[in-house]
Amino acid sequence: TDDRYLRFCSHTHIIMCDFQFAVSSDDNSELWLSSDDSPLNARLMAYVGKLGSEWTAPGEFTKFRSQVSKSVHLMASRRYYFEILHKQDDKGSDHVEVGWRPFLPGLKYEVIDSAYISLYTDESSLKMNHVDHIPQTLASHGPVPAETHTRSKHGADMLQPDPRDTFFNIPMIDPSHLENVLPTCLYSPTYVVKDFPIARYQGLQFVYLSFVYPNDFTRLTHMERENKCFYRESPIYLEKFGFYKYMKMDEEEDDRPFFFPNPDGEFSCVIRGVWEKHQHPLRPIATARPPPAPTPPSANSSENVLPTEPLRVTSYLHTSEITESQQQRPDMDPEPEEEGGISEYSYEDVEPRPGWAEEAINWQRTFSVNSMDFETLRSDWNDLRCNVSGNLQLSESEVVDVLAQYMEKLNELNGGIYTLLRIINVEKRRDSARGNRYLIELELMERGRKVVRLSEYIYMLLHRGRVEDSLENMEGVTWGTVYAKPLLCQPVMLQWKKNVMVHFVIPVKNQARWVQQFISDMEFLHRETKDNNFNIIIVDFQSEDMDVEQALRESSVPRYEYLRREGNFERSAGLQIGVDTIEDSHSIVFLCDLHIHFPLNILENIRKHCVEGKLAFAPIVMRLGCGSSPQEPDGYWEVNGFGLFGIYKSDFDKIGGMNTEEFKDRWGGEDWELLDRVLQNGLEVERLRLRNFFHYYHSKRGMWNSQSSKAPKG
């Protein structure tokens, strides 16, 4: 267990333990750590940003992929040189923290306390012009990398490689090795709304989000310069106070209210010191202090600062200055929106604050910051108000617990031939009333020679009753009986088909270059994945700018169907015409748009999230802004749209298909209406943000049946 590991590591006769470091800051920072007490051996461990625009809240250690280090060996009673570089602009709550934890799943990062830090050099007796004692390290005096002379890379973490992106290339595990690994159980979640009356367009309220592990970095951190809705704070509050309520000043004798200065212009600093590895690697307090300090302050205990706690540290400004500013400048009060008061999710620019004189900084002052996980504050409701937050994050400790049980059962049945290499992806749909459904995707080593992939649905049954227990030859149990230990089981009729045919159905009209781009993308998808089990169905409303059929005929796509229809463009009718040509009712229909960039794993994503009679799939696409591209993806998640939709044809036919009568002469809303009927027929709708799944920005000129009211410029 974790506490055993801590006692094991802290015992005096143990030589070495593995630790993991993390850094958080506003704005950029770098953590350099040496393998010993020599500055010459310092190496970059973790950092916040490279472009100058990245930042985190205090104690937020999981916002960026780069914030967390790999495992580091630390030896008891040894000293390790470290160096922190911190750069801050003239906005926000300037701060920097370093956390550590034993390298074990599920443990939280603790901010490193002053008890484990000592000064590299005592500068208290030195004049400011004395600099010979400052080490010249690679952190601040290394050669400029060649790539800095070229164009800067984009700041979206989603662009970094992820094993999910190419997992489909690994051969699948032998299905016979998965039979009877777990006991069977019925899958009947309580949130399914079959035959429940749903008002028009209210199906959105019955769509829940799934949790994922590990972090897929679908959170659009690079867009939070403009939209900070992830933090659930009022934009007016953030503009004035930043994140100071998450930082608590330690008490001093003759204490008085303390205000952080807000420097005019950019602020940079370098903190150098030595970490000392003591017997107890972690403590329940978190203090930090800026150097230099003649004597280290005593460690003060602190409590986790909750957002609702009364604030003593509230602003960069004196209370009187805030009051005078508000009285003299009533125009800073926000104007009401058209439909009511200010929304806390509206992020219009606020007029900049005037500069204020800085107070002298008390270098003896210490403050406390606790590790803050903003992900735990989110719910699985389909949040339509925040379009920059990513997929919900699943607890690491929960994943480890579930997979440990599954791997034990898998090897028990197969004679111990499997070794877990990597956890590629775990998705959880929560149902606290009955049980949690998991999609587990693992990279396994078989017999020490062959790497295989496993991708299966399993179910953690929390409340078992007579129906489920009859499948396990158990008697005398009534529905709703709660067991002390939940049952990990195989849900009946919840297996996804690995090679099922996927039909992309797209209606088009006079979009020649986009049609050609779509065909080229499908050719690339086929070439890279070697997947022959997909089909393109294009319904053409008399396009005059290209011969669509000829382009399809000359392409290398595995199969296609071209359907020509006369009359005005009708999206609902076009989709229905395309679906009607599909003969195999046990294949998947993917209702698609034209201006889409597809990730290479799109086919597998559609297949594993569509289960006949059980699941439909509505992936969330990222809508790119003007001038953006898949390589430079500035934009937002289209959290309201359900136009990109995967469903088995048998289920599509059962619910009645598209509403072609009501949406005959208009476009928009047909996706929500379809969603209502899908849910009323007892299907779940899986809702996930897909990595590198983009909707291009495009002109509306010539689309559908509209005419441009202005002549084209230039």
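To start, this report covers the structure provided alongside it.

Rules used throughout
Residues numbered from 1 in each chain as written. Predicted model: local features only at pLDDT ≥ 70, side-chain atom pairs only at ≥ 80, totals over all residues. Heavy atoms only, no water. Pairing = 2+ DSSP bridges. Helix = DSSP H or I, 4+ residues; strand = E, 2+ residues; numbered from the N terminus. Expected span 1.5 Å × (residues − 1). Contact = heavy atoms within 4.5 Å. Buried < 20%, exposed > 50% of the residue type's maximum accessible area, 1.4 Å probe, protein only. Arc of directions from axis to C-beta. Core = buried A, V, L, I, M, F, W, Y, C linked by side-chain atoms within 4.5 Å. Polar contact = N/O pair within 3.5 Å; in protein donor to acceptor, adjacent residues only side chain to side chain. Phe/Tyr/Trp six-rings, centres within 6.5 Å; stacked < 30°, edge-to-face > 60°. Lys NZ or Arg CZ within 6 Å of the ring centre and 35° of its normal.

**Let's talk about the sheet that holds strand 24 (residues 596–597)**
Taken in spatial order, the four strands of this open sheet run 24-30-26-27, and their pairing is mixed. Lying at the two open borders of the sheet, with one neighbouring strand each, are strand 24 and strand 27 (635–637). The sheet contact formed by strand 24 and strand 30 (residues 689–695) spans two bridges and is antiparallel. Each residue of the ladder has a partner; that of His597, found in strand 30, is Phe694.

**Some remarks on helix 7 (residues 512–529)**
The end-to-end C-alpha distance of helix 7 is 26 Å, a good match for the 26 Å that 18 residues give at a rise of 1.5 Å each. Of the surrounding elements, those touching the buried residues of helix 7 are strand 20 (502–508), strand 21 (534–540), helix 8 (548–553), strand 24 and helix 10 (602–608). Of the residues flanking the end of helix 7, it is Lys530, one or two places downstream, whose phi is positive at about 60°.

**Examining helix 5 (residues 396–414)**
Relative to the 27 Å expected for 19 residues at 1.5 Å per residue, helix 5 spans 26 Å between its end C-alpha atoms, a close match to the ideal helical length. For helix 5, the set of buried residues is Val399, Val402, Leu403, Tyr406, Met407, Leu410, Asn411 and Asn414. The buried residues of helix 5 occupy one face: seen down the axis, they fall within an arc of 155°. In helix 5, the exposed positions that point more than 90 degrees away from the buried face belong to Glu408 and Glu412. One or two residues past the end of helix 5 sits Gly415, with phi positive at roughly 70°.

**Section: the nonpolar core**
Within the largest apolar cluster, 36 residues are counted, with the highest numbers of intra-cluster contacts made by Phe504, Met522, Phe598 and Ile606. Listing elements by their share of this core, those giving two or more residues are strand 20, helix 7, strand 21, helix 8, strand 23 (588–591), helix 10 and strand 30. Top contributing element to this core by residue count: helix 7, with six residues. With 29 residues, the next largest nonpolar core counts Leu204, Phe541, Phe569 and Leu675 among its residues.

**Some remarks on the environment of Asn535**
On the secondary structure map, Asn535 appears in strand 21. Judged by its relative accessible area of 3%, Asn535 is buried. On a C-alpha basis, the gap between Asn535 and Ile582 in space is 10.0 Å, while along the polypeptide they are 47 residues apart. Among residues more than four places away in sequence, those in contact with Asn535 are Met501, Val502, His503, Phe504, Arg559, Tyr560 and Glu561. Engagement of the side chain of Asn535 in a polar contact is seen with the backbone nitrogen of Tyr560, the distance being 3.3 Å.

**Points about the pairing of strand 5 (residues 79–88)**
Burial of strand 5 is extensive: eight of the 10 residues sit out of reach of the surface. In this sheet, strand 5 lies alongside strand 2 (residues 28–34) in antiparallel orientation, the contact comprising six bridges. Of the residues in strand 5, the one forming a bridge with Ser29 is His86.

**Regarding unusual backbone geometry**
The omega torsion across Asp26 and Asp27 is 5°, close enough to zero to call that bond cis. If you trace the backbone, Asp27 turns up in the loop between strand 1 (16–26) and strand 2. Here the residue pair Tyr213 and Pro214 is connected by a cis peptide bond, since its omega of -10° sits within 30 degrees of zero. Topologically, Pro214 is positioned in the loop between strand 10 (211–213) and helix 3 (235–241). A positive phi angle, close to 65°, is found at Tyr201, a residue other than glycine.

**Structural notes on the packing of aromatic side chains**
According to the stated counting rule, one finds 20 aromatic pairs in the structure shown. With centroids separated by 5.7 Å and ring planes inclined at 70°, the aromatic side chains of Phe504 and Phe590 adopt a geometry described as edge-to-face. Here the residue Phe504 occupies a position in strand 20, and Phe590 occupies one in strand 23, the gap between them amounting to 86 residues. Like Phe590, Phe504 is buried. Three or more aromatic residues joined by ring pairs make a cluster, and in this case those are Phe504, Phe518, Phe534, Phe590, Phe598 and Phe693. In this structure, Arg200 packs its charged tip against the face of Tyr201, placed 5.3 Å from the ring centre. It is Arg219 that lies over the ring of Phe230; its NZ or CZ is 3.6 Å from the centre.

**Some words on the environment of Trp637**
Considering the arrangement of structural elements, one finds Trp637 in strand 27. Here Trp637 falls in the buried class, since its relative accessible area comes to 0%. Remark: the alpha-carbon pair of Trp637 and Phe693, spanning 56 residues in sequence, is separated by 9.8 Å. Each residue touching Trp637, except ones within four places of it in the same chain, is listed here: Met158, Thr218, Leu220, Asn387, Val388, Ser389, Ile620, Val621, Met622, Arg689, Leu690 and Phe693. Within the structure, Trp637 has its side chain in polar contact with the backbone oxygen of Thr218 (distance 2.9 Å).

**A look at the side chain of Ser66**
Positionally, Ser66 belongs in the loop between strand 3 (42–48) and strand 4 (72–75). Owing to a relative accessible area of 16%, Ser66 belongs among the buried residues under this scheme. Residues in contact with Ser66, not counting those within four places in the same chain, are Ala46, Tyr47, Val48 and Gly49.

**A closer look at the pairing of strand 2**
For strand 2, the tally of buried residues reaches seven of seven residues, placing the bulk of the element in the interior. In strand 2, alternate side chains face the same way, and those of Asn28, Glu30, Trp32 and Ser34 on one face and Ser29, Leu31 and Leu33 on the other are all buried. Across six bridges, the pairing between strand 2 and strand 3 is antiparallel. Within strand 3, the position partnered with Trp32 by the bridge is Leu44.

Interpretation in functional terms is not warranted from these geometric data alone.
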